[in-house]
Amino acid sequence: MSSAARSLSEPQVLAHTKRRLFPDEDKSTAYAVADTQFAMAEWLPGQPVDAAVRDRLAPFNHVRIGSGYPDLVGVRDLESDLLAVERLGDEPPLIAIEAKGETSGGVDTQRGILQAYDRLHEANAAYLAAPAAAISETDRTLARELNVGVLGVDAAGSVTALEVPRVVGNRTTTEATALRFQASAQGVADASFGLNHPKNYLGYPLAHYAAGDTETLLSEYKVVSAVDSARQGAAFLGLIEEGVGVEGSASVELTSLGEEVVRFARARYGSVEAALEEFENWYRSGKRFADLAPAWSQLARRVLFDYEATELLVRELQCMHDDGFAEPSLVAVVEYLHELHPSFTVELFIRGTDGVRSRVLTEAGELQSAALEDGSVYHSPTVFQLKAMLYHAGILTQRGAEPSRLEPLEDIWALREPV
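Everything in this summary refers to the structure shown in the same document. (Residues numbered from 1 in each chain as written. Predicted model: local features only at pLDDT ≥ 70, side-chain atom pairs only at ≥ 80, totals over all residues. Heavy atoms only, no water.)

Below, the discussion takes up the overall build of the protein. Within the protein, the regular secondary structure consists of 17 helices and 10 strands. The C-alpha extent of the protein, read off along each of the three principal axes, is 75 × 55 × 35 Å. Split into buried and exposed, the 419 residues of the protein put 53% on the buried side. Counting only contacts in the protein whose residues sit at least 6 apart along the sequence, the fraction spanning at least 24 positions is 67%. Taken as a whole, the protein presents about 18000 Å² of accessible surface, with 46% of it coming from carbon and sulfur. (Helix = DSSP H or I, 4+ residues; strand = E, 2+ residues; numbered from the N terminus. Buried < 20%, exposed > 50% of the residue type's maximum accessible area, 1.4 Å probe, protein only. Contact = heavy atoms within 4.5 Å. Areas by Shrake-Rupley, 256 points an atom, 1.4 Å probe, with all protein chains shown as cover.)

As structure tokens, then:
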């Protein structure tokens, strides 16, 4: 343990580290959460945490990796000066960080290294982050032997990689899956579902495949006017892949699932154009899609079940039904899911902005039930758009509601066809 550090608290060290490893300007599918203990107003008695530090560390979640809870855990392709191997397989690495700051007893760097090493049972890379002045040669030797990265933070907030770890392959746990889910194209970050009817997303690959401009066709056939939201949702549902084309222009390619939508349309109507004409009959219809267009709703159901959150929700709602909860409220569902899949539940249902998770979660990551009765804490793409699509596909009995109109104790999440 060293006492040579400058005055940098653990939250400050972690905030600087997050800025370096997960910069705001990164527009990829990177995502990271700080542990719920850092959402508290005071880090130590009489030592308030600056609001700017908490804002930098948000969102918060209590994610178990190895035998404990890292201070920061996230998913991102790191630069070569931070990782000895930039990538392992097709997915960006799961990264765990243990931070240590100055206390009355100094900076416990060795404990941080050992905690980071424990995270390597499930993470692909792990780091100690600490004040640079507190890190000794002995610390660096121990970290190298254990394949733990070491990040030195100075008083100005600069972060230097003193030891660079190698990426290792590890099994995926439910907790780690929650972070990968949020970071992936199928996550529920703020830009996921903007529309609440599955036809809007089914129509996008058809218009993309058809001859002509996609946006023009979506408008002419009265599929949807919010083209950007339709494209975004189609990507989240795995119907298309977005990338960068020639000279930096945006490109869209159909996935195998998107191609299956095209095959369905051509087999049923002869051409995608003829299929798109059918969409005009559904324009502004408030009728449940499963009743209005049964065959198309079955296709929508197939697409929605390929979305990871749908499978989890349906499986656990069936378990709740088997346990005697045939028509559980939103609050009951969240409480039930949190017992089984805590990190995933928080990422799926609870907003990560405006200090919401500080209200919903305790320092130990437990739910505060009273906060769940406030509709404003919920993530709109889940409780409104996703739920509405599950209703239209014939999976749930009720539509979704916007958080501003949501009554969580009255909002029912029940399977239309329990088995």
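The structure having been displayed, the exposition proceeds.
Before going further, it helps to examine the pairing of strand β5 (residues 94–99). With six of its six residues buried, β5 lies for the most part within the structure. Alternating residues of β5 divide into Leu94, Ala96 and Glu98 and Ile95, Ile97 and Ala99, and every residue in both groups is buried. Across four bridges, the pairing between strand β4 (residues 72–75) and β5 is antiparallel. Within the sheet, the bridge partner assigned to Val75 lies in β5 and is Leu94. (Pairing = 2+ DSSP bridges.)

Let us look at the packing of aromatic side chains. Evaluated as defined, the whole model comprises 11 aromatic pairs. The interplanar angle of 10 degrees and the centroid separation of 4.7 Å between the aromatic rings of Phe38 and Trp43 together place this pair among those described as stacked. Ring centres 5.3 Å apart and planes at 70 degrees place the aromatic pair Phe193 and Tyr307 in the edge-to-face group. Taken together, the residues span a long stretch of sequence, with Phe193 in the loop between α5 (174–183) and α6 (198–209) and Tyr307 in the loop between α12 (294–305) and α13 (308–322) at a distance of 114 residues. In this structure Phe193 comes out as buried when scored by relative accessible area, which is 3%. Grouped by ring-pair contacts, the aromatic residues Phe264, Tyr269, Phe279, Trp282, Phe289 and Trp296 constitute a single cluster. (Phe/Tyr/Trp six-rings, centres within 6.5 Å; stacked < 30°, edge-to-face > 60°.)

Moving on: the sheet that holds strand β6 (residues 125–131). Either a parallel or an antiparallel arrangement is found when strands of a sheet pair, and the pairing is made through backbone hydrogen bonds. Spatial ordering of the open sheet is given by β1-β4-β5-β6-β7-β8, a layout of six strands whose pairing is mixed. In this open sheet, the two edge strands, each paired with only one partner strand, are β1 (31–34) and β8 (159–163). Averaged over all pairs of adjacent strands, the angle between strand axes in this sheet comes to 25 degrees, irrespective of strand direction. Summarising the sheet, strand β7 (residues 149–153) and β8 pair through four bridges and their orientation is antiparallel. Looking at β8, one finds that Gly152 is bridged to Thr160. (Axes fitted to C-alpha atoms, helices over the stretch in contact; angles between N-to-C directions.)

This paragraph deals with the environment of Glu253. In this fold, Glu253 is placed in strand β10 (residues 250–254). Residue Glu253 is classed as exposed on the basis of its relative accessible area, which comes to 51%. A sequence separation of 12 residues divides Glu253 from Glu241, and the C-alpha atoms of the two residues are 5.2 Å apart. Filtering out sequence-adjacent residues up to four positions away, Glu253 remains in contact with His208, Leu239, Ile240 and Glu241.

Now for the pattern of salt bridges. On inspection of all chains with the given rule, the structure shows 21 salt bridges. The partner of Glu347 in a salt bridge is Arg357, and the shortest N-O contact between them spans 3.1 Å. Residue Glu347 is located in helix α15 (residues 342–349), and its partner Arg357 is located in helix α16 (residues 356–360); the two are separated by 10 residues in the primary sequence. For Glu347, a relative accessible area of 1% corresponds to the buried category. Note on Arg357: relative accessible area 4%, which makes it buried. (Salt bridge = Lys/Arg side-chain N within 4 Å of Asp/Glu carboxyl O.)

Our next topic: unusual backbone geometry. The peptide bond linking Ala58 to Pro59 adopts the cis configuration, its omega dihedral lying at 5 degrees. Relative to the elements of secondary structure, Pro59 occurs in the loop between α2 (51–57) and β4. Phi at Asn147 takes a positive value of approximately 60 degrees, unusual for a residue other than glycine. In this structure, Arg284 takes a positive phi of about 60 degrees despite not being glycine. Position of Arg284 relative to the elements: it lies in the loop between α10 (272–279) and α11 (289–292). Note on Arg284: relative accessible area 74%, which makes it exposed.

Our next topic: α10. Within α10 the residues assigned to the buried category are Val272, Ala275, Leu276 and Phe279. Down the axis of α10, the buried side of the element spans an arc of 100 degrees, and every buried residue falls inside it. (Arc of directions from axis to C-beta.)

Moving on: the nonpolar core. With 89 residues, the main nonpolar core has Leu206, Trp296, Phe349 and Tyr378 as its most contacted residues. For this core, the element with the highest residue contribution is α13, accounting for six residues. The residues contacting Leu206, other than those within four sequence positions of it, are Val261, Val262, Ala265, Val272, Ala275, Leu276, Phe279 and Trp296. Residues Val13, Leu14, Trp43 and Ile97 belong to the second largest nonpolar core, which totals 29 residues. (Core = buried A, V, L, I, M, F, W, Y, C linked by side-chain atoms within 4.5 Å.)

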